[in-house]
Amino acid sequence: MLSEEVRPDPQFMQQKVIQGYEAVFGQKPDLLSFAPGRVNLIGEHTDYNRGFVLPIAIDRGTYIAAKVRNDEQVCVYALDFDCQSDSCSLNERIAPSPFGWGNYVRGTLVELRNAYPQIGGLDMVISGDVPQGAGLSSSASLEIALLAVFRDAYHLPLTGVEAAKLAQRAENKFVGCACGIMDQLISAQGKSGHAMLLDCADLSVSHTKIPEDYAVLVINSHVKRGLVDSEYNLRRKQCEQAAQCMGVDSLRSANLTDLHASRESLPPLAYQRAHHVITENQRVLDMFNALQTGSLDSISRLMASSHRSMKEDFEVTVEPIDTLVEIVKSVIGSRGGVRMTGGGFGGCVVVVTTPELVAQVEQKVTQVYPKMTGLQPSFYQCSAQQGAFSEPK
Ligand code: GLA
């Protein structure tokens, strides 16, 4: 028997938040929003170095049912956290929430209110089907869904790029994670059936079609991620240190020749981190081309080399994840690629391969991975979706 593969069901999720809203507030909501999570095909830890990333928005995300209030109170119920409720007033200083999830809401409200002081209150019920803590951006999808519902409620001229910037600032300043902008931007601006090449230096995007005979499979390692934020922030500092030693404003402006020339003056860890970022930027561009020409062989090599770089240079993978990657590779060979996706220290791997191989991959992983690691995998076959701020299809 195969392990859990839960198919997303948008209608079910919408009904869930609508009914949740009715149960909590005793009336019907009049606003509904959705923002997707994401899986990054390649380009890890490059976004905050002004580099390139290549994510897709997935068919799982955060759903919100809401109604405008006549005052400045924002009142939120989170169905996925035993219906915990959090509220705050937009007229007062917004303090940290007693709940982890509440800080994403409150942080986003602080930034939104700074940009649009005219906003008023909302009653909301929230639920999502992005597995939490799996590195698929459940938090970015919450922030972007929240911004989308406020845009609709108060007719704000908010664009996808602006929403992504507000949400990123909320995480940086209120939540305390020095994340880049990839997750928020793909959740806002994703394009159905396409991967999005984002240049984080100027936020320009180009989309490339995912060939119809490709499958994107995400496998959750179920490794509990610890110390993610502190390790993440440390990596970011090390990259900044490397850029500073090399005399460039960001690693985006450095190439391998510069790096080798600075070898003596760079602390060894900063050298390794910079080596990952510089080579990863090139892999993103090569992967974009490989998707355009439909070269599974190149995809296989690029994803393998990205994973190795994250393991050896950037040191953000963990043993069960490396095991999972090896198991998948033993099935697909050069007929597709596999690598860890997201910030690291657990979470998911992403597989790009042909649909015929998906069942074999799932079967092998189900048989072997639990024996080798004591963990049960979950599988999500993903298709690329529109972002919450993209034009309707
Ligand atoms: C997290 C961050 C992103 C990005 C990735 C690593 O998902 O939120 O900004 O840095 O890690 O690529």
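Residues numbered from 1 in each chain as written. Predicted model: local features only at pLDDT ≥ 70, side-chain atom pairs only at ≥ 80, totals over all residues. Heavy atoms only, no water.

(A) The sheet that holds strand E8 (residues 204–209), seen in detail. The 3 strands are arranged E2-E7-E8 in an open sheet whose pairing can be described as antiparallel. Taken across any chain shown, the strands that pair with only one partner, and hence form the sheet edges, are strand E2 (52–53) and E8. Packed on one face of the sheet, helix H5 (residues 182–189) meets E2, strand E7 (194–199) and E8 and runs near 135° to E7. Docked against the sheet, helix H8 (residues 268–293) engages E2, E7 and E8, running at close to 40° with respect to E8. (Pairing = 2+ DSSP bridges. Helix = DSSP H or I, 4+ residues; strand = E, 2+ residues; numbered from the N terminus. Contact = heavy atoms within 4.5 Å. Axes fitted to C-alpha atoms, helices over the stretch in contact; angles between N-to-C directions.)

(B) Region of interest: the domain arrangement of the protein. Entries for the protein in the domain assignment read domain 1 (4–41 + 59–189) and domain 2 (208–382). On a C-alpha basis, the centres of domain 1 and domain 2 stand 28 Å from each other. For the pair domain 1 and domain 2, the summed buried area comes to about 1,800 Å², and 50% of that belongs to carbon and sulfur atoms. Where domain 1 meets domain 2, there are 0 salt bridges. At the boundary of domain 1 and domain 2, one finds 9 residue pairs in polar contact (both at pLDDT 80 or more). When residues of the side of domain 1 that touches domain 2 are traced back to their parent elements, those giving at least two are strand E1 (31–40) and strand E3 (55–68). With 3 residues, E1 is the single largest residue contributor to the side of domain 1 that touches domain 2. Tallied by class, residues from the side of domain 1 that touches domain 2 come to 9 nonpolar, 5 polar and 6 charged. (Domains from an automatic or database assignment. Buried area = accessible area lost by both parts, 1.4 Å probe. Salt bridge = Lys/Arg side-chain N within 4 Å of Asp/Glu carboxyl O. Polar contact = N/O pair within 3.5 Å; in protein donor to acceptor, adjacent residues only side chain to side chain. Nonpolar A, V, L, I, M, F, W, Y, C, P; charged D, E, K, R; others polar.)

(C) How the structure looks around the pairing of strand E4 (residues 73–78). Note: E4 against strand E5 (residues 84–89), 6 bridges, orientation antiparallel. For Val 74, the partnering residue across the bridge sits in E5 and is Cys 88.

(D) Broad picture of the state of the cysteines. Tallying each qualifying case throughout the model produces 0 disulfides. No disulfide involves Cys 88; its nearest neighbouring cysteine sulfur is the one of Cys 75, lying 9.4 Å away. Judged by relative accessible area, which is 9%, Cys 88 ranks as buried. The thiol of Cys 200 is not disulfide-bonded; the next cysteine sulfur, from Cys 179, is found 11 Å away. (Disulfide = S-S within 2.5 Å. Buried < 20%, exposed > 50% of the residue type's maximum accessible area, 1.4 Å probe, protein only.)

(E) Looking closely at unusual backbone geometry. Positioned with a positive phi, Leu 203 is a non-glycine residue whose angle comes to about 60°. Looking at the secondary structure, you find Leu 203 in the loop between E7 and E8.

(F) Region of the structure containing helix H9 (residues 296–312). For H9, with 17 residues, the first-to-last C-alpha span of 24 Å sits near the 24 Å given by 1.5 Å per residue. Residues of H9 that are buried include every one of Leu 296, Ser 298, Ile 299, Ser 300, Leu 302, Met 303, Ala 304, Ser 306, His 307, Ser 309 and Met 310, and no others. For H9, the secondary structure elements touched by its buried residues are H8, helix H10 (319–332), strand E10 (336–341) and strand E11 (348–353). (Expected span 1.5 Å × (residues − 1).)

(G) The side chain of Gln 386, seen in detail. Its location among the elements puts Gln 386 in the segment after strand E12 (378–382). Overall, the relative accessible area of 18% leaves Gln 386 in the buried class. A polar contact is formed between the side chain of Gln 386 and the backbone nitrogen of Ser 192, at a distance of 2.8 Å. One polar contact links the side chain of Gln 386 to the main-chain carbonyl oxygen of Glu 391, over a distance of 2.5 Å. In contact with Gln 386, not counting residues within four places along its chain, are Pro 36, Gly 190, Lys 191, Ser 192, Glu 391, Pro 392 and Lys 393.

(H) Structural detail: the sheet that holds E10. Read from one edge of the open sheet, 4 strands run E10-E11-E9-E12, paired in antiparallel fashion. A single partner strand is all that each edge strand has here, and the edge strands are E10 and E12. Mean inter-strand twist for the sheet, computed between neighbouring axes without regard to direction, equals 20°. With 5 bridges joining them, strand E9 (residues 215–220) and E12 adopt antiparallel strand pairing. Looking at the pairing, Val 218 lines up with Tyr 380 of E12. Strand contacts of H10: E9, E10 and E11, with the helix running at about 170° to E10, the strand carrying the most contacts.

(I) Just the pattern of salt bridges, in detail. Counted by the stated rule, this structure contains 19 salt bridges. Between Arg 69 and Asp 123 there is a salt bridge; the shortest N-O distance is 2.9 Å. Here Arg 69, found in the loop between E3 and E4, pairs with Asp 123, found in strand E6 (residues 122–128); they are 54 residues apart in sequence, far enough to count as distant. For Asp 123, a relative accessible area of 10% puts it in the buried group.

(J) Layout of the site of the ligand. Lining the immediate surroundings of the ligand are Arg 38, Glu 44, His 45, Asp 47, Tyr 48, Cys 179, Gly 180, Met 182, Asp 183, Tyr 232 and Gly 343. Glu 44 places a polar side-chain atom, nitrogen or oxygen, 2.8 Å from an oxygen atom of the ligand. Computed on the free molecule, the ligand has an accessible area of 310 Å², of which 91% lies beneath the protein chains in the complex. Grouping the amino acids of the shell around the ligand by side-chain chemistry returns 4 nonpolar, 3 polar and 4 charged. (Near = heavy atom within 4 Å. Areas by Shrake-Rupley, 256 points an atom, 1.4 Å probe, with all protein chains shown as cover.)

(K) How the structure looks around the side chain of Arg 60. Mapped onto the elements, Arg 60 comes out in strand E3. Although Arg 60 is buried, it forms no salt bridge, and the closest oppositely charged side chain is Asp 129 at an N-O distance of 4.8 Å. Within the structure, the side chain of Arg 60 is placed 3.1 Å from the backbone oxygen of Asp 129, a separation counted as a polar contact. (Lys, Arg positive; Asp, Glu negative; His and termini not counted.)

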